[in-house]
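One-letter residues, chain by chain:
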Amino acid sequence: MASDITFQSEIAHWTWTIAFFLWFIGLGGMTSIAYYWVRKAAVSYAILVSIIVGLLFVVSHLARWWNLPIVVWTMLINLHLNYTSWMFIGVCVLSVHLVMAAILALSHMEFILRRIPFLGFLRHVRGEHIVGNAFCVLFGIVGFVSVIYSGFLLTAAVGVPFWGTALIPVLWVLSGGIAAIALLELLYVFGYVDERVSLFGMKLGLGIDALKLFAIFSLLHVAVTLGSQGARISAEQMIWGDLALMTWGGVIGLGILVPMALSGYMLSAGKNKALIAVSAVSALAGVLLLRAAVLLAGVWEPLA
């Protein structure tokens, strides 16, 4: 390995903390789309918790996280805003997503709505009518943009050529969709959503898993054959280097092949809640490991 190559994890420390942030945001974002069809309280609560926990992870990564409110307030009152910054865009998108998720979750809390009469209008947010449908469509769009942002956050990173490809956002959307389906499967196992949701998710998950596998191979192939030195080293780390076990055993084996095999078996032999739970947990773990592997594989190159 070239001596002038430095892994970003050694300097920027974008490792498991950021991986969990990307995982939770992807989970909450893609589940926000699913909420349009599955308007259950448990789904709205899961979305809100995912966003909050994801934001806590990224805030905890800051060197001086306690200084963040002061910085944001100073920027707002002085209107010193960088509208082209991915960080600024991300703060706006995630803030809107968080507020909408909180409104949606609150709309399902009847014990609060009954005690605070003026909040009764929130019932319209979850309803199957014009107001409810419009809110849910907008909520799904904001959730999708959150996932796209989390992908472009990597592509915008200067000096890490492995991340500088549009395949990252595509892969984030596909894997986020898998995570959302896995979450709905777990909610079905615990009785919070209907069986039809589980059956549809199982069929849809098979197709998305195939696309996800193709996207992973495409990312690695392009980096090895057409990428710069840094991109090639990153891909080689995932293919046969230190991250090979995580890639082949975790991302592909545990995260894709196991859920595909179990889903295929249950679609032909009948559903089993224990197997559904195993498949869902495997898929969720695979999505997390994918984000961790891509982050840990990132290396910087000297700028020409």
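Refer to the structure above for everything that follows.
What counts as what
Residues numbered from 1 in each chain as written. Predicted model: local features only at pLDDT ≥ 70, side-chain atom pairs only at ≥ 80, totals over all residues. Heavy atoms only, no water. Helix = DSSP H or I, 4+ residues; strand = E, 2+ residues; numbered from the N terminus. Expected span 1.5 Å × (residues − 1). Buried < 20%, exposed > 50% of the residue type's maximum accessible area, 1.4 Å probe, protein only. Salt bridge = Lys/Arg side-chain N within 4 Å of Asp/Glu carboxyl O. Patch = residues over 30% accessible without salt bridge, like charges linked within 9 Å, V, L, I, M, F, W, Y side chains within 5 Å. Areas by Shrake-Rupley, 256 points an atom, 1.4 Å probe, with all protein chains shown as cover. Core = buried A, V, L, I, M, F, W, Y, C linked by side-chain atoms within 4.5 Å. Contact = heavy atoms within 4.5 Å. Phe/Tyr/Trp six-rings, centres within 6.5 Å; stacked < 30°, edge-to-face > 60°.

Colleague: Would you explain helix α2 (residues 16–34) in this entry?
Modeller: Since one α-helical turn is 3.6 residues long, residues separated by three or four positions face the same way. The end-to-end C-alpha distance of α2, which contains 19 residues, comes to 27 Å, matching closely the 27 Å that a straight helix rising 1.5 Å per residue would cover. Judged by how many residues are buried, α2 sits mostly within the fold: 15 of 19 residues are covered.

Colleague: Explanation requested: the pattern of salt bridges in the structure shown.
Modeller: Opposite charge on two side chains allows them to pair when their charged atoms are near. Counted under the stated rule, the structure contains 5 salt bridges. For Arg123, the salt bridge identified is with Glu110, shortest N-O distance 3.0 Å. Pair noted here: Arg123 is in helix α7 (residues 123–126) and Glu110 is in helix α6 (residues 110–113), with a separation of 13 residues, a long-range link. Of the residues examined, Arg123 reaches a relative accessible area of 31% and is grouped as partly exposed. The salt bridge involving Asp194 is made with Arg196; its shortest N-O contact spans 3.7 Å. For Asp194, a relative accessible area of 33% gives the class partly exposed. Exposure remark for Arg196: the relative accessible area of 56% places this residue in the exposed category. Through salt bridges with shared partners, a single ionic network connects Glu110, Arg123 and Arg126.

Colleague: Looking at this structure, I do not really get a nonpolar patch on the surface. What am I missing?
Modeller: On the surface, Val137, Leu138, Ile141, Phe144 and Val145 cluster together to form a nonpolar patch covering roughly 400 Å² of accessible area. Residue class for Val137 comes out partly exposed when judged on its relative accessible area of 40%.

Colleague: In this structure, what is going on with the nonpolar core? I would like to understand it.
Modeller: It is characteristic of soluble globular proteins that their nonpolar side chains tend to be buried jointly. Within the largest apolar cluster, 90 residues are counted, with the highest numbers of intra-cluster contacts made by Leu154, Phe162, Trp172 and Val294. Of all the elements, helix α9 (residues 167–189) adds the most residues to this core, at 16 residues.

Colleague: Just to check I follow, could you spell out the side chain of Ser146 for this structure?
Modeller: Tracing the sequence through the fold places Ser146 in helix α8 (residues 130–155). Its relative accessible area of 0% is what places Ser146 among the buried residues. Those residues in contact with Ser146, other than ones at most four positions away along the chain, are Ile25, Val93, Leu94 and His97.

Colleague: Explanation requested: the packing of aromatic side chains in the structure shown.
Modeller: Geometrically, a pair of aromatic rings is defined through the distance of the ring centres and the angle of the planes. Summed over the entire model, instances satisfying the criterion amount to 10 aromatic pairs. Relative to Phe20, the ring of Trp16 lies with its centre 6.4 Å away and its plane at 45°, an arrangement referred to as tilted. Taken together, the residues Trp16 and Phe20, both in helix α2 and 4 residues apart, mark about one turn of the helix. Trp16 gets classed as partly exposed once you look at its relative accessible area, which sits at 35%. Judged by relative accessible area, which is 24%, Phe20 ranks as partly exposed. When the ring of Phe135 is compared with that of Phe139, the centres are 6.3 Å apart and the planes differ by 15°; the resulting orientation is stacked. Of this pair, Phe135 and Phe139 are both found in helix α8, 4 residues apart, which corresponds to roughly one turn of the helix. Per residue, the accessibility class of Phe135 equals that of Phe139, and both read buried. Among the aromatic residues, those joined into a cluster by ring pairs are Trp16, Phe20, Trp23, Phe24 and Phe57.

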